[in-house]
Amino acid sequence: MFFVDTIELEGLGNRSYLAGGAQTAVAVDPPRDIDRVLAAAARRGVRISHVVETHIHNDYVTGGLELARTTGAAYLVPAGARVSFPRVPVSDGDTVAIDTGVTLTAMATPGHTPHHTSYVLHDAGGPVAAFTGGSLLIGTVGRPDLVEPRLTERLARAQHASAHRLASDLPDATAVLPTHGFGSFCSSAQSEGDASTIGKERAGNAALTTDVDTFVADLLAGLEDVPAYYAHMGPTNAAGPAPVDLTPPAPADAEEIAARLEAGEWVVDLRNRIAFAEGHVAGSFNFEADGKLATYLAWMIPWGKPVTLLAESAGQLADAQRELVRVGIDRPAAAATGGPDRWLREGEPPATFPRSTFAGLAELGTDRVVVLDVRRDAERAGGWIEGSVHIPVHELHRRLGEVPDGTVWVHCAGGMRAAIAASLLDAAGRDVVAVDDGFDSATDAGLPLISG
């Protein structure tokens, strides 16, 4: 009997897998913090004999190389991927034995990258699951524009062909187990649902229900911005990532926090947005530990700039470190735990700003303030508040000078990104109100909306 265990990477919207039999297993697209994979293997009582990559990842730093070194497993990487470390090159049709009666067969599925490879798990000679990486996702496919702009349309067409190959070669009952699609920006659209099969995808996935020209046109038209840190992930993975160090950062007292701010470094407060608004170190930025910390901090921070983390507890700090190493932010410059009473110099008051709702904005009137919409372009295209200024949150730190004078009421779709934006504006000395509300409430509040 075979097993498949899913390892969720919720912050990045990805999944990794451990699959095998009674004694040995294969790890698929493992995260940088390999202790999670080792723990999954220990729970199963199996040895990891193989580690496989579906492709050179653009959205996170892989743990594959270190996991293979640690366990002595064979490290299988698509033959077409250019890498700087020893590995077992995998080509279409290659098959390896994982456990008694359990095998893994490589299937070339270019599209997300030119070298992308899926892996089909067989038990007792029949296919039971397909690890599809960034190829066929649940209801969609991986985006084809992360490698090279000149290749995007060609790769989009390859995605269509690869999806059809998977659908034609595998039985309907075969489980579809992608790496991307659960919030990752590597997905061309967000997946609907948590599990799928080849049969379900054949019935509902646009790659399998529309002709190639329509599919490609729709796919390319729907692509959104690429997180800035993606530019660093591919080269890091191709070079071979270093092992992670999750030991606590050097502690920072109030004087050091102030000095780092004065030096232009980033000081990031991980507490929830309510606590931050009620009191924080002036100049610090609010990226909630429970939000998409890794995605938005890595997207917005100038690459390589030192970052000091402020957390309410050691546990929150450790979780944040784990999130950040997955995107190549390896060692915070310093850290502190507790709250503003421990982070501020003696006699220094905490900074604050108000929070409100769309009803509060409607009561005040949009003509009296600056309304700043920090949603992404595709979100705003569905409708926006009349007269609002639009700067996506991931661009705001470079475009603060474009925000008109006056008190700024900043909103997103739910509140988390508005809190990030409010902290940036507050640090820049602007009067700001964070709208902590769902955008659907704007209609209920009677605010004037422009339809997309």
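Scoring rules and cut-offs
- Residues numbered from 1 in each chain as written.
- Predicted model: local features only at pLDDT ≥ 70, side-chain atom pairs only at ≥ 80, totals over all residues.
- Heavy atoms only, no water.
- Helix = DSSP H or I, 4+ residues; strand = E, 2+ residues; numbered from the N terminus.
- Rg over C-alpha atoms; globule rule 2.2 N^0.38 Å.
- Buried < 20%, exposed > 50% of the residue type's maximum accessible area, 1.4 Å probe, protein only.
- Contact = heavy atoms within 4.5 Å.
- Pairing = 2+ DSSP bridges.
- Axes fitted to C-alpha atoms, helices over the stretch in contact; angles between N-to-C directions.
- 1 Å grid on protein atoms, 1.4 Å probe; cavity = no way out; pocket = protein on both sides within 12 Å on 5 of 7 lines; lining within 4 Å.
- Points joined across faces, edges and corners; volume = space filled by probe spheres on them.
- Nonpolar A, V, L, I, M, F, W, Y, C, P; charged D, E, K, R; others polar.
- Arc of directions from axis to C-beta.
- Parallel < 35°, antiparallel > 145°, perpendicular 65-115°, else oblique.
- Left-handed = near helix turned anticlockwise from the far one by under 90°.
- Right-handed = clockwise from strand over helix to strand, strands pointing away.

Undergrad: Any chance you could break down the overall build of the protein chain for me, citing the residues and the numbers?
TA: Secondary structure summary: the protein chain contains 17 helices and 23 strands in total. Relative to its length of 452 residues, the protein chain is compact, with a C-alpha radius of gyration of 23 Å against a globular reference of 22 Å. Counting only C-alpha atoms, the protein chain reaches 70 × 50 × 35 Å along its principal axes. The buried share of the protein chain, taken over its 452 residues, is 55%. Contacts in the protein chain between residues far apart in sequence, at least 24 positions, make up 69% of those at least 6 positions apart.

Undergrad: Which residues make up the sheet that holds strand E1 (residues 3–9), and what values do they have?
TA: The six strands lie next to each other as E1-E2-E3-E4-E5-E6, forming an open sheet whose pairing is mixed. One side of each edge strand has no neighbouring strand; the edge strands of this open sheet are E1 and strand E6 (88–90). Averaged over all pairs of adjacent strands, the angle between their axes in this sheet comes to 25°, without regard to strand direction. Where strand E3 (residues 24–28) meets strand E4 (residues 47–52), five bridges bridge the pair, whose relative direction is parallel.

Undergrad: Run through the layout of surface pockets, naming residues and quoting values.
TA: Within this model, the largest pocket holds a volume of roughly 320 Å³. Lining the largest pocket are 15 residues, with Ala 289, Asp 290, Asp 319, Ala 320 and Glu 323 positioned closest to its centre. With five residues, the top contributor of residues to the lining of the largest pocket is helix H11 (residues 314–325). When grouped by side-chain class, the residues that make up the lining of the largest pocket number three nonpolar, three polar and nine charged. Put simply, the second largest pocket is a space of about 250 Å³.

Undergrad: An account of helix H2 (residues 64–71) is requested, with residue identities and associated values reported.
TA: Gly 64, Leu 65, Leu 67 and Ala 68 are the residues of H2 that are buried. Projection of H2 onto a plane perpendicular to its axis shows the buried side chains occupying an angular sector of 165°, all on one side. Where H2 is buried, its residues meet E3, helix H1 (35–44), E4 and strand E5 (74–78). Immediately beyond the C-terminal end of H2, within one or two residues, lies Gly 72, with a positive phi of roughly 80°.

Undergrad: So, the sheet that holds strand E10 (residues 126–133): which residues are in play, and what are the values?
TA: Taken in spatial order, the six strands of this open sheet run E7-E8-E9-E10-E11-E12, and their pairing is mixed. Where the open sheet ends on each side, the last strands, each with one partner, are strand E7 (95–99) and strand E12 (196–197). Two strands pair when backbone bridges link them, and strand E11 (residues 175–178) and E12 are joined in this way by two bridges, in the antiparallel orientation. Among the inter-strand pairings, Ala 175 is bridged to a residue of E12, identified as Thr 197. On the sheet, helix H3 (residues 152–169) packs against strand E8 (102–108), strand E9 (117–123) and E10 and is oriented at approximately 145° with respect to E8.

Undergrad: Describe in detail the packing of helix H10 (residues 293–300) against H11, supporting the description with residues and values.
TA: Orientation of H10 relative to H11, taken along the N-to-C sense of each, is 60°, at an axis distance of 9 Å. Considering their axes alone, H10 and H11 lie oblique with respect to each other. Considering the relative orientation of H10 and H11, their crossing is right-handed. Contact with H10, carried on its side by Leu 293, Ala 294 and Leu 297, involves Ala 320, Glu 323 and Leu 324 of H11 and no other residues of that element.

Undergrad: Account for the pairing of E7, with residues named and values stated.
TA: Inspection of the sheet shows E7 paired to E8 by four bridges, in the antiparallel sense. Across the sheet, Asp 99 pairs through a bridge with Val 102, a residue of E8. Counting the residues between successive antiparallel strands, the hairpin from E7 to E8 contains two residues, one of them, Gly 101, with a positive phi of roughly 80°.

Undergrad: Outline the pairing of strand E15 (residues 307–311), supporting the account with residue identities and numerical values.
TA: Most of E15 is tucked away: five of the five residues are buried. Side chains Val 307, Leu 309 and Ala 311 project from E15 onto one buried face, and the interleaved Thr 308 and Leu 310 project onto a second face that is buried too. For strand E13 (residues 266–269) and E15, the ladder comprises four bridges, and the chain directions are parallel. Looking at E15, one finds that Trp 266 is bridged to Val 307. Bridge count for E15 against strand E16 (residues 334–337) is four bridges, and the pairing is parallel. Among the inter-strand pairings, Leu 310 is bridged to a residue of E16, identified as Ala 336. On the question of chirality, the crossover connecting E15 to the parallel E16 by way of H11 is right-handed.

That's the geometry; what it means functionally is another story.
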